[in-house]
Amino acid sequence: MRSIVFQSIFVLVMPININDIYDGDIKAVARAISVVENGGTGANELIEKIYPNTGNAHRIGITGPSGAGKSTLVDKLTHLYRKSGKMVGIVAIDPTSPFTGGALLGDRLRLQELSLNKEVFFRSMANRGSRGGISRKTGEVVDILDSSGKDVVMIETVGVGQSELDIAGAADTTIVVLVPESGDEIQVMKAGLMEIADIFVLNKSDREGADLMLAHLSESLKLRSDVNWLPKIVKTSAIRNEGIEELMEAIEEHSKWLSSEDKIGSKRNLRLINRVKEIIVEELNSEFWTDERMSLLENMISDNGNNLITPYKIVEDLKKV
Ligand SMILES: Nc1nc2c(ncn2[C@@H]2O[C@H](COP(=O)(O)OP(=O)(O)OP(=O)(O)O)[C@@H](O)[C@H]2O)c(=O)[nH]1
Ligand SMILES: [Mg+2]
């Protein structure tokens, strides 16, 4: 019999059996995710153990404006993946939206119903307002789901500011969801969302203006400089369950393209490089900010009424401590 001690990570007094995580045991996976969210050495140890068992899941990032229908799409995709026997993991990052709070609650409940079985695991993560490590933690939560036997892991996040870039880093395939009303947003997001999308979904195509938007979108895509993979555009109406199969096919096509010529390998290597860099920054940062340096900083700032000490001078002095 295998020793539980060597197979387990102790969280307070409650051990998590690593094999339970690999088996997709809901409680073990949920606890492992909590460990990662809490961070610290427990989290490091856990990732050390499960990391060799990752690399099997296809990681799909789903981003786009608030209320575009991302959760509804995830829900419909999940049902379709289940039909083909795939195990699904879902991570929703900062799902609280001031615009669609009510609708979201409904979606969440629906997803939570799904999550009551071993085949679909849903978890929401509140990252907004937390300090640092957001993309690292997300990556680690996805690692846990990956190691727990999920074939597909979907990561949903609202595409504002930095988060869409983070999701592109964490995903193998990035889906940007837009709606017929997103015309102006496209202008704003060109630099961000346009560059990261492997697949565009034009959702709510049951609404007016869908075809015009489609034309806008194809026009904007001509601006893409990397022609290795020309992003697909898929028209959906998530609420009517239309276009979901086409979306799944587009994801499959991108996945195949990634596997050919080993694009997936270089993508994952880049992901690993970025994670290592992020951990280094975090560790150096926390090493640097000792109590002594913090109070020196505060003293120097409070003595700096006439702007005589420059930020560079402060940095130099802090480095001398
Ligand atoms: N007309 C129409 N409404 C839709 C469609 N898909 C989703 N909705 C509705 O749009 C609202 C927002 O949907 P969500 O799936 O919560 O959107 P979201 O992008 O996840 O929202 P956030 O997570 O808050 O950013 C809900 O009321 C959905 O029922 C669609 O294809 N057509
Ligand atoms: Mg949502």
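In this text the structure is predicted, and so the values were computed from the model without any measurement. (Residues numbered from 1 in each chain as written. Chains lettered and ligands numbered in written order. Predicted model: local features only at pLDDT ≥ 70, side-chain atom pairs only at ≥ 80, totals over all residues. Heavy atoms only, no water.)

Participant: Quick question: what am I supposed to make of the pairing of strand 5 (residues 120-125) here?
Facilitator: A regular strand places its side chains so that they alternate between the two faces of the sheet. Among the six residues of strand 5, five are classified as buried, and the element is accordingly described as predominantly covered. Bridge count between strand 4 (residues 88-93) and strand 5: six bridges; the pairing is parallel. If you follow Ile 93 over to strand 5, its bridge partner there is Met 125. (Buried < 20%, exposed > 50% of the residue type's maximum accessible area, 1.4 Å probe, protein only. Helix = DSSP H or I, 4+ residues; strand = E, 2+ residues; numbered from the N terminus. Pairing = 2+ DSSP bridges.)

Participant: Got a minute to help me understand a nonpolar patch on the surface in this structure?
Facilitator: Nonpolar side chains collect at one region of the surface, where Tyr 51, Leu 272, Val 276, Ile 280 and Leu 284 lie side by side and expose about 440 Å² of accessible area between them. Note that Ile 280 resides in helix 12 (residues 263-288). By relative accessible area, Ile 280 is classed as partly exposed at 47%. (Patch = residues over 30% accessible without salt bridge, like charges linked within 9 Å, V, L, I, M, F, W, Y side chains within 5 Å. Areas by Shrake-Rupley, 256 points an atom, 1.4 Å probe, with all protein chains shown as cover. Salt bridge = Lys/Arg side-chain N within 4 Å of Asp/Glu carboxyl O.)

Participant: Would you explain the coordination of the magnesium ion (ligand 2) in this entry?
Facilitator: Think of it this way: four donors in a tetrahedron around the metal ideally sit 109.5 degrees apart, and six in an octahedron ideally sit 90 or 180 degrees apart. Around the magnesium ion (ligand 2), the protein contributes the donor atoms Ser 71 (OG) and Glu 156 (OE), at 2.1 Å from the metal centre. In this pair, Ser 71 sits in helix 5 (residues 70-83) while Glu 156 sits in strand 6 (residues 152-158), placing the two residues 85 residues apart along the sequence. For the residue pair Ser 71 and Glu 156, the accessibility class agrees, reading buried in each case. (Donors = N, O, S within 2.8 Å, 3.2 Å for Na, K, Ca; no water.)

Participant: Looking at this structure, I do not really get the pattern of salt bridges. What am I missing?
Facilitator: A side chain with one charge can pair with a side chain of the opposite charge if their charged atoms come near. With the rule as written, the count across this model stands at 15 salt bridges. Of the charged contacts, one joins Glu 253 and Lys 232 as a salt bridge, the two residues approaching to 3.2 Å between their closest N and O atoms. Taken together, the positions of Glu 253 in helix 11 (residues 244-259) and Lys 232 in strand 9 (residues 232-235) put the pair 21 residues apart, joining distant regions of the chain. On the accessibility criterion, Glu 253 (41% relative accessible area) is partly exposed. A salt bridge links Asp 317 to Lys 320, with the shortest nitrogen-to-oxygen separation between them at 3.4 Å. Placement of both Asp 317 and Lys 320 in helix 14 (residues 311-320) is noted, with a separation of three residues, approximately one turn of the helix. On the accessibility criterion, Lys 320 (64% relative accessible area) is exposed.

Participant: Just checking my understanding: could you explain the packing of aromatic side chains for this structure?
Facilitator: Think of a pair of aromatic rings as described by two things: how far the centres are apart, and how the planes are tilted against each other in angle. On inspection of all chains with the given rule, the structure shows two aromatic pairs. Pairing Trp 229 with Trp 257 gives two aromatic rings, centres 5.5 Å apart and planes at 45 degrees, and the pair type is tilted. In this pair, Trp 229 is assigned in the loop between helix 10 (210-221) and strand 9 and Trp 257 in helix 11, connecting sequence segments 28 residues apart. For Trp 229, a relative accessible area of 8% puts it in the buried group. It is Lys 232 that lies over the ring of Trp 229; its NZ or CZ is 5.3 Å from the centre. Geometry around Phe 288 places Arg 293 over its ring, the cationic atom sitting 4.1 Å from the centre. (Phe/Tyr/Trp six-rings, centres within 6.5 Å; stacked < 30°, edge-to-face > 60°. Lys NZ or Arg CZ within 6 Å of the ring centre and 35° of its normal.)

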